[in-house]
Amino acid sequence: MTNLYQSPRIIIREFLPEEQQTFLNLFKDAEVTQYLPETSAERYIEMFKELLENYEKGNLSRWAIFDTTNNNFIGMCVARIFVHNSNQIEIGYVLSKEYWGKGIATEVCKAMTQYCFTNTNIPEVVAITDLDNSGSQNVLQKSGFERRDNLIRDNEELAYFIIKRAQL
């Protein structure tokens, strides 16, 4: 099992095959998913199968975030080629509610950005958020991302953030 990042507070690592239910439970809280695109239960199961396949292929993927002090599951993060521009990697994260407001999202965001620049040649990392998701927008700005013009995806306007390799 590969660890992507570890600090005194958190560890970001590959999901184990037996952690599918842990992954699925994250998306059962309506507050946790309020800013995510609507997704079916079947699609979440597919996403879990895909992330395991991505590990085997050495591709970008979704990873688990755990609390190092008690091994509690915090959430998941993702890095993938950005659908609007293949010269960019999009990052994202979903955290359980009890871990909101503790600086963990900022730590995850910085760790994912560093991982993308270290392990790929892609010059830019981007993130998008719901226009109302001010919490995530603050996290991105604290992590060094710059807000750009909003993006339209599937007839929805989204906040768009970017960080360039040279800005680190």
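Read on for a plain summary of the structure. Position numbers for residues start from 1 in each chain and track the written sequence from start to end. Under the rules for a predicted model, residues below a pLDDT of 70 receive no local features and side-chain atom pairs below 80 are neither given nor counted, while totals for whole chains, interfaces and linings still include all residues. Here the side-chain values reflect all heavy atoms present in the structure, with hydrogen atoms and water set aside.

Remarks on the environment of Leu 51
Only DSSP runs of H or I with at least four residues qualify as helices, and only runs of E with at least two residues qualify as strands; both kinds are numbered from the N terminus onward. By the element assignment, Leu 51 lies in helix H3 (residues 41–57). Residue burial is assigned from relative accessible area. The probe radius is 1.4 Å, only protein chains are included, and a residue is buried under 20% of its type maximum, exposed over 50%, and partly exposed in between. Overall, the relative accessible area of 1% leaves Leu 51 in the buried class. Separated by 13 residues in the primary sequence, Leu 51 and Ala 64 have C-alpha atoms spaced 10 Å apart. Note on contacts: a residue pair is in contact if any heavy atoms of the two residues lie within 4.5 Å. Apart from residues lying up to four places away in sequence, Leu 51 is in contact with Phe 15, Phe 23, Ser 61 and Arg 62.

Comments concerning the sheet that holds strand S2 (residues 10–13)
Here, strands pair whenever DSSP counts at least two bridges between them. Taking strand neighbours across the sheet as the criterion, the 8 strands line up as S1-S2-S3-S4-S5-S6-S8-S7 in an open arrangement whose pairing is mixed. In this open sheet, the two strands that pair with only one neighbour each are strand S1 (3–6) and strand S7 (146–153). Direction aside, the axes of adjacent strands within the sheet are offset by 25° on average. Sheet analysis places S2 next to strand S3 (residues 62–67), joined by 4 bridges and oriented antiparallel. Residue pairing in the sheet places Ile 11 in a bridge with Phe 66 of S3. Set on the sheet, helix H4 (residues 104–119) makes contact with S1, S2, S3, strand S4 (73–82), strand S5 (85–95), strand S6 (124–130) and strand S8 (156–164); between it and S5 the angle comes to about 150°. Angles here are taken between N-to-C directions and fall from 0 to 180 degrees, while the axes themselves are lines fitted to C-alpha atoms, restricted in helices to the stretch in contact.

From the geometry alone we can't say anything about function, so treat these as descriptive.
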